[in-house]
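Next come the chains, spelled out residue by residue.
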Amino acid sequence: MRSSGNHAGKSHRPIPNASVAEVSNKGEMPGMAGMDHQKMNDGRHAGHATADFARRFWISLAITLPILVLSPFIQDILGLTISLPGGDALLWVLAAFVYVYGGWPFLAGFKRELSGRNPGMMTLIALAISVAFFYSSAVTFGLNGEIFYWELATLVDIMLLGHWIEMRSVGGASRAVEEMAKLLPAIAHRLSENGITADVSVDQLVRDDRVLVKPGEKIPADGNVTHGQSSVNEALLTGESLPVEKTSGSTVIGGSLNGDGSLTVQVTGTGEQSYLSRVARLVAEAQKSKSRAQDVADRAARWLTAIAISAGFLTLLGWLIFSSRQSDFAVERMVTVMVIACPHALGLAVPLVIAVSTSLSARSGLLIRDRNAFERARSVNAVVFDKTGTLTEGKFGISDVLVLDDRFSREEILKYAVSVEKHSSHPIANSVAAGAPATFPAEDFKSLPGRGARARVEGREVMVVSPAYLDEAKIGYFDREKVETALNQGKTVVFAVIDGIAVGAIVLADVVRPESKSAVAALKALGKRVLMMTGDREEVARWVASETGVDEYFAGVLPDQKAAKIRELQAGGLTVAMTGDGVNDAPALAQADIGIAVGAGTEIAIETGDIVLVRSSPSDVVRIFELSRATYGKMVQNLAWATGYNAIAIPAAAGVFTSFGLLLSPAAGAVLMSLSTVIVAINAQLLKLR
């Protein structure tokens, strides 16, 4: 066994378990950064919350349009003069409606934050819209000053939009699962013991029932094919674009679409045991985790709330005490500070990036169970792969055909061998038989127990036998060095013998996935150290390592030793991601800083992983790190801009630069605030270009 040397230093950091927004039974809305994030009651409540935000947004937006038209500042910009009888009163009524109806989630959140003594974004939003509305109302009814109705309305609209986007991003995977559940047919053709077919509701199916799936029908439940052959389209469930060939012994997923053949399927999973239910559970766990960047936004919102409130009152007191300006000017400055400090951009900074990232990860075949783990992936510097089923396909296949007699081509040797082996039930024979689609007719087939098989093919005596048989029969062959090399790599070799002459050697091995080598190379290019861990023999591990290009490998590692090996790497100061698919990988997946489970693997491995690869492709591991780094970068950029621009905007709104001839009007402050939001939104969308 090769090891990576002595490791000391870093201890394992447990994966945090955070919660997400809840829709309370009282109908209060969940929020984004800064709101009270509690456990989500269920998908139905989340759907109601999303629909409520959408409804409030569209209605408020519709009312905002006449508010904009009636606002003097907007009329000045557009060069319009619109005067209606009672126009001021109408403007106030419209603004009051937006304040109460559109602003209700924020006012309710403000009350909740005060009750919990945890002021945050809801407090700041509620103060901003309240100050803007009540000050503008005072101006409407006689106070000297400038109205803020259009700023109030657009502020409410943008914050509702931000909440709606977040709820859609959180609930998007759940809706996808609901849509997948609709793929199941309503009726199944259940077969009785005597072969009679009866149509029953899918809900009535139980484990070990046999069902008939006709051409073009949807498969009603997870199961194993017991009879028949067909191609099955699983694209909507697994992301596999090409139809998958299914024969006796193949597994099928409920909801996938059968092709042009009939299949008899023995049910293995219904209800909670089905593939769809498993995905639903994974999604539910993902929804329990809260973005660490969102925690940063929470803290930023709390600080910004304190700064805005303090700056607002200091501005009011400063102008009242140290200036000869009228009191309405001091109030106007305070209102401008409160409005411009309201975090339009901060409210959208994280949800917009999460929404885009969620869409991109789904398209890439990544099911993220823990957002924190996904964000942490950017700091991983060592990636450990399990061998069997991860870097390899986990099944025997032909890796090479060695020509030992120039009178026969590689294709002819394989065709002769397959013509014999297709009549055998031995596992090695089955692996050989899968190597060529076309065969010759074979006669007088005979099994040679422990040695191979023989038959007459095209008038020739053809045998497919083990090396031991050749030794016993004293049949010699050329290119012994190539055969010995294959055997030293832990591969299995069988010989094709035609009319007593060894004409070829068929080399069998656990087939390396075609994309494994490129995935390992891409990870190295990202600066990751790539390792392989397996319970297989040293020579097999050495061969797979040379084929894939991993930096290091550990062979003969027992299941209980895998987690210890991960701890050893972590003790050496490495942040480790583990990728595996089997029960024996579960402890290592749990121990690793990031556990990446292969979707085609066992349920226990999937339940232990932080991220699940739906398509079971090593190349998707690369996508995790690329997307994680890009996502985190966009979050940081958005948060930096959403908070940083206030360093100049708040002093300008307070009138600090008045002596230099720079005085930020309330309208200009609102425009600057809106521009900040636009910048954040555009920057989030740029994630799609990476």
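Conventions used here
- Residues numbered from 1 in each chain as written.
- Predicted model: local features only at pLDDT ≥ 70, side-chain atom pairs only at ≥ 80, totals over all residues.
- Heavy atoms only, no water.
- Helix = DSSP H or I, 4+ residues; strand = E, 2+ residues; numbered from the N terminus.
- Contact = heavy atoms within 4.5 Å.
- Areas by Shrake-Rupley, 256 points an atom, 1.4 Å probe, with all protein chains shown as cover.
- Buried < 20%, exposed > 50% of the residue type's maximum accessible area, 1.4 Å probe, protein only.
- Phe/Tyr/Trp six-rings, centres within 6.5 Å; stacked < 30°, edge-to-face > 60°.
- Lys NZ or Arg CZ within 6 Å of the ring centre and 35° of its normal.
- Pairing = 2+ DSSP bridges.
- Axes fitted to C-alpha atoms, helices over the stretch in contact; angles between N-to-C directions.

### Focus: the overall build of the protein chain
Item 1. Along its length, the protein chain carries 25 helices and 22 strands.
Item 2. Taking all contacts inside the protein chain whose residues are at least 6 apart in sequence as the whole, residues at least 24 apart take part in 68%.
Item 3. Total accessible area computed for the protein chain in this model is approximately 30000 Å², and 57% of it derives from carbon and sulfur atoms.

### Digging into the side chain of D405
Item 1. Summarising the element assignment, D405 is placed in the loop between β12 (392–403) and α14 (410–421).
Item 2. Residue D405 is classed as buried on the basis of its relative accessible area of 12%.

### A few points about the packing of aromatic side chains
Item 1. If you walk through the whole model with that rule in mind, you get twelve aromatic pairs.
Item 2. Ring geometry for W92 against F141: centres 5.8 Å apart, planes inclined by 75 degrees, an arrangement best described as edge-to-face. Taken together, the positions of W92 in helix α3 (residues 87–102) and F141 in the loop between α5 (121–140) and α6 (149–181) put the pair 49 residues apart, joining distant regions of the chain.
Item 3. Residue class for W92 comes out partly exposed when judged on its relative accessible area of 28%.
Item 4. For F141, a relative accessible area of 62% gives the class exposed.
Item 5. When the ring of Y99 is compared with that of F134, the centres are 5.7 Å apart and the planes differ by 75 degrees; the resulting orientation is edge-to-face. Taken together, the residues Y99 in helix α3 and F134 in helix α5 connect sequence positions 35 residues apart.
Item 6. Three or more aromatic residues joined by ring pairs form one cluster here, namely W92, Y99, F133, F134 and F141.
Item 7. Taking the ring centre of Y632 as reference, the NZ or CZ of R378 above it sits at 3.4 Å.

### A few points about the sheet that holds strand β22 (residues 611–613)
Item 1. Taken together, seven strands build an open sheet; the order of strands is β10-β22-β21-β20-β11-β18-β19 and the sheet is mixed. One side of each edge strand has no neighbouring strand; the edge strands of this open sheet are β10 (366–368) and β19 (552–554). Each neighbouring strand pair of the sheet contributes to a mean axis angle of 20 degrees, computed without reference to strand direction.
Item 2. By the bridge criterion, three bridges tie strand β18 (residues 529–533) to β19 in an arrangement that is parallel. By the bridge assignment, M533 is partnered in β19 with F554.

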